[in-house]
Amino acid sequence: MSQPRTNAFYAQSGGVTAVINASACGVIETARRHADRIGTVYAGRNGILGALAEDLIDTSLESAEAIAALRSTPSGAFGSCRYKLKSLEKNRREYERLIEVFKAHGIGYFFYNGGGDSADTCFKVSQLSQSMGYPLQAIHVPKTIDNDLPITDCCPGFGSVAKYVALSTLEASLDVRSMAATSTKVFVIEVMGRHAGWIAAAGGLVEDHGIPVVILFPEIEFDQAKFLARVDAMVQQHGYCSVVVSEGCHHPDGTFLAEQGTRDAFGHAQLGGAAPVVANMIKTALGYKFHWAVADYLQRAARHVASATDVKQAYELGARAVELALEGRNSVMPTIDRISDVPYEYRIGVATLDTVANVEKMMPRDFISEDGFGITDKCRRYLAPLIEGEDYPAYRNGLPVYVTLKNQTVAKKLPAFASA
């Protein structure tokens, strides 16, 4: 006896990446291959807000070619959001609203593509659906450039950012080297990473090209005197150096170098500006001419230099999320389980969301050099395969060909909902 078809809901959450759409592609294409079990895949416009507002995009109206093109298109094809649902105790009505929308549209599969906060939301929705007696399988699809989700060896989005940061640091450093005799001697690049220094660590890969680099990690308390001495020594020895500073670099008292005194939607300190702080510190204390840059959106939007490993894994995890749902799993997340560094081998595993939600994975201390300003060989072995390979998009008239979906919504069935 065949099982009844059930609709699915997919949403993107938090900061988008160069490969989050590859995961969307994996979800939708895999669901279409199981049309006997999965009916329509609805996508939330602007992430979970689309579910709360019953603003559901009908992905079945998109051609197979358009969905396939998502694999090589950056950003969030359906829109994302920085919106954290409060706890069940504080705002149960939001979670109940999600269940009401899912029930109204025959949705039995919930695929939430995001980072740690999204894993927490996915876990809570799963718990509530069970308590309400509504059959819903909630599967978290991992995504975060910060690479700070636990259990999984790496997170989709990180490998491409790491590749971009390593590449940008290398090219800018070569520029500085060529001008150092009479001009700029220090280049500072600021990268993302609030609490974990995975992205900053990628800048250390340029040492293999003979580039002198100093890295400032969130895991290492900032010591201004030691930092300036290190930069001075590098310039004295090589004539120049580059500095890679994580936005989460902080003083011993916990205040960020880049803290602006404001908060984002998740209650996190609003960061931005570590690079000019560090650069001016160098100028004031050492007198060296500098240039600085903030990678910002560029690092997470750069699909044109995405890591082939990252693209492949992003797609595979999206596809595996659907397979897990069809296997009857609930409240889980597909993971990357590394088997070996050389040759690089991995398998797709699975973790339960109660072990993922609200847990941050920091850089291991043995990935950071003893002096706190570089990376170790162990870290290089970890990073190297994650930035490996190129997966270039198609080009037309000198620019990449990226897809924009029609994103047509379905008719609403419920009264409007206002968040508390």
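Every value quoted in this text rests on a predicted model; they were computed, and no experiment measured them.

J.: Would you mind showing me how to read the overall build of the protein here?
T.: When helices and strands are counted, the protein shows 12 helices and 15 strands. The C-alpha radius of gyration of the protein comes to 22 Å, within 12% of the 22 Å expected for a compact globule of 420 residues. Dimensions of the protein, computed from C-alpha atoms along their principal axes, come out at roughly 75 × 45 × 40 Å. Sorting the 420 residues of the protein into buried and exposed places 58% on the buried side. Expressed as a percentage of contacts within the protein between residues at least 6 apart in sequence, the contacts between residues at least 24 apart total 76%. Total accessible area on the protein is roughly 17,100 Å²; 51% of this is exposed by carbon and sulfur atoms. Measuring between centres, the 41 positive side-chain charges of the protein sit 4 Å from its 46 negative side-chain charges.

J.: Looking at this structure, how should I read the nonpolar core?
T.: Among soluble globular proteins, nonpolar side chains are generally buried collectively. Core analysis: the biggest nonpolar cluster contains 42 residues, and Phe158, Ile199, Met363, Ile375, Tyr382 and Leu383 have the highest contact counts within it. Going through the elements one at a time, helix 6 (158–179), strand 6 (186–191), helix 7 (198–202), strand 7 (213–216) and helix 12 (377–383) are the ones with two or more residues in this core. Sorting elements by how many residues they give to this core places helix 6 first, with 8 residues. Phe9, Leu52, Tyr112 and Ala351 belong to the second-largest nonpolar core, a separate cluster that totals 33 residues.

J.: How do you make sense of the packing of helix 1 (residues 20–33) against helix 11 (residues 308–326) when you look at a structure like this?
T.: To characterise two packed helices, one gives the angle between the axes of the helices and the distance between these axes. At a minimum axis distance of 7 Å, the contact between helix 1 and helix 11 shows a crossing angle of 40°. Comparing the axis directions of helix 1 and helix 11 gives the class oblique. Here helix 1 runs over helix 11; the crossing is right-handed. For the pair formed by helix 1 and helix 11, the contact residues are Ala22, Ser23, Cys25, Gly26, Val27, Glu29, Thr30, Ala31 and Arg33 on the first element and Val311, Ala314, Tyr315, Gly318, Ala319, Val322 and Glu323 on the second. Its residues assigned to classes, the contact of helix 1 with helix 11 shows 9 nonpolar, 4 polar and 3 charged.

J.: What's the story with helix 5 (residues 116–131) in this structure? I'm lost.
T.: Taking 1.5 Å of rise per residue, 16 residues should cover 22 Å, and helix 5 covers 23 Å from first to last C-alpha, within 8% of that figure. Against helix 4 (92–104), strand 4 (107–114) and strand 5 (137–142) lie the buried residues of helix 5. Just downstream of helix 5 lies Gly133, where phi reads positive at about 75°.

J.: Looking at this model, I keep getting lost on the packing of aromatic side chains. Mind explaining?
T.: Tallying each qualifying case throughout the model produces 11 aromatic pairs. Taking the centre distance of 5.5 Å and the plane angle of 35° together, the rings of Tyr344 and Tyr346 count as tilted. Here the aromatic residues Phe9, Phe102, Phe110 and Tyr112 are joined through ring pairs into a cluster of three or more. Over the ring of Tyr297 we find Arg300, and its NZ or CZ is 4.2 Å from the ring centre. Lying across the ring of Trp198, Lys361 places its NZ or CZ 5.4 Å from the centre.

J.: Even after reading the chapter, I still don't get the sheet that holds strand 6, so can you show me in this structure?
T.: The strands making up a sheet associate through backbone hydrogen bonding, with each pair oriented either parallel or antiparallel. Reading across the sheet, the 4 strands line up as 7-8-6-11 and stay open at both edges, with parallel pairing between neighbours. Among the strands making up the open sheet, the edge pair consists of strand 7 and strand 11 (290–294). Each neighbouring strand pair of the sheet contributes to a mean axis angle of 15°, computed without reference to strand direction. Pairing between strand 7 and strand 8 (residues 241–246): 4 bridges, direction parallel. Across the sheet, the residue bridging to Val214 is Val243, located in strand 8. Against the sheet, helix 6 contacts strand 6 and strand 8, and its axis sits at roughly 165° relative to strand 6. Packing of helix 8 (residues 224–238) onto the sheet brings it into contact with strand 6, strand 7 and strand 8, and relative to strand 7 it is tilted by some 165°.

J.: What should I look at first to understand unusual backbone geometry in this one?
T.: Glycine aside, residues mostly have negative phi, and peptide bonds are mostly found in the trans state. That bond from Val342 to Pro343 is cis: its omega, -5°, falls within 30 degrees of zero. You can see Pro343 is positioned in the loop between strand 12 (332–340) and strand 13 (345–352). With a phi angle near 55°, Glu54 is a residue other than glycine that sits in the positive phi range. With respect to the helices and strands, Glu54 occurs in the loop between helix 2 (48–52) and strand 3 (56–58). A relative accessible area of 1% means that Glu54 is categorised as buried. Within the chain, Asn147 stands out as a residue other than glycine whose phi angle is a positive 60°.

J.: Is there a simple way to explain helix 9 (residues 274–286) in this structure?
T.: For an α-helix, 3.6 residues make a turn, and residues three or four places apart therefore share a direction. End to end, helix 9 covers 18 Å across 13 residues, agreeing with the expected 18 Å (1.5 Å per residue, within 8%). For helix 9, the full list of buried residues reads Ala274, Ala275, Pro276, Val278, Ala279, Met281 and Ile282. Against strand 6, strand 7, helix 8, strand 8 and strand 11 lie the buried residues of helix 9. Gly287 sits one or two positions beyond helix 9 and adopts a positive phi of about 80°.

J.: What is the right way to read the packing of helix 8 against helix 9 from this model?
T.: Interhelical geometry of helix 8 versus helix 9 gives an angle of 75° and a closest axis separation of 11 Å. In this view, helix 8 runs roughly perpendicular relative to helix 9, as classed from their interaxial angle. Of the residues in helix 9, those touching helix 8 at Gln224, Phe227, Leu228, Val231 and Asp232 are Val278, Met281, Ile282, Ala285 and Leu286. Broken down by class, the residue content of the contact of helix 8 with helix 9 amounts to 8 nonpolar, 1 polar and 1 charged.

What counts, and at which threshold
Residues numbered from 1 in each chain as written. Predicted model: local features only at pLDDT ≥ 70, side-chain atom pairs only at ≥ 80, totals over all residues. Heavy atoms only, no water. Helix = DSSP H or I, 4+ residues; strand = E, 2+ residues; numbered from the N terminus. Rg over C-alpha atoms; globule rule 2.2 N^0.38 Å. Buried < 20%, exposed > 50% of the residue type's maximum accessible area, 1.4 Å probe, protein only. Contact = heavy atoms within 4.5 Å. Areas by Shrake-Rupley, 256 points an atom, 1.4 Å probe, with all protein chains shown as cover. Lys, Arg positive; Asp, Glu negative; His and termini not counted. Charge placed at Lys NZ, Arg CZ, Asp CG, Glu CD. Core = buried A, V, L, I, M, F, W, Y, C linked by side-chain atoms within 4.5 Å. Axes fitted to C-alpha atoms, helices over the stretch in contact; angles between N-to-C directions. Parallel < 35°, antiparallel > 145°, perpendicular 65-115°, else oblique. Left-handed = near helix turned anticlockwise from the far one by under 90°. Nonpolar A, V, L, I, M, F, W, Y, C, P; charged D, E, K, R; others polar. Expected span 1.5 Å × (residues − 1). Phe/Tyr/Trp six-rings, centres within 6.5 Å; stacked < 30°, edge-to-face > 60°. Lys NZ or Arg CZ within 6 Å of the ring centre and 35° of its normal. Pairing = 2+ DSSP bridges.

Worth remembering: the numbers are spatial, not functional.
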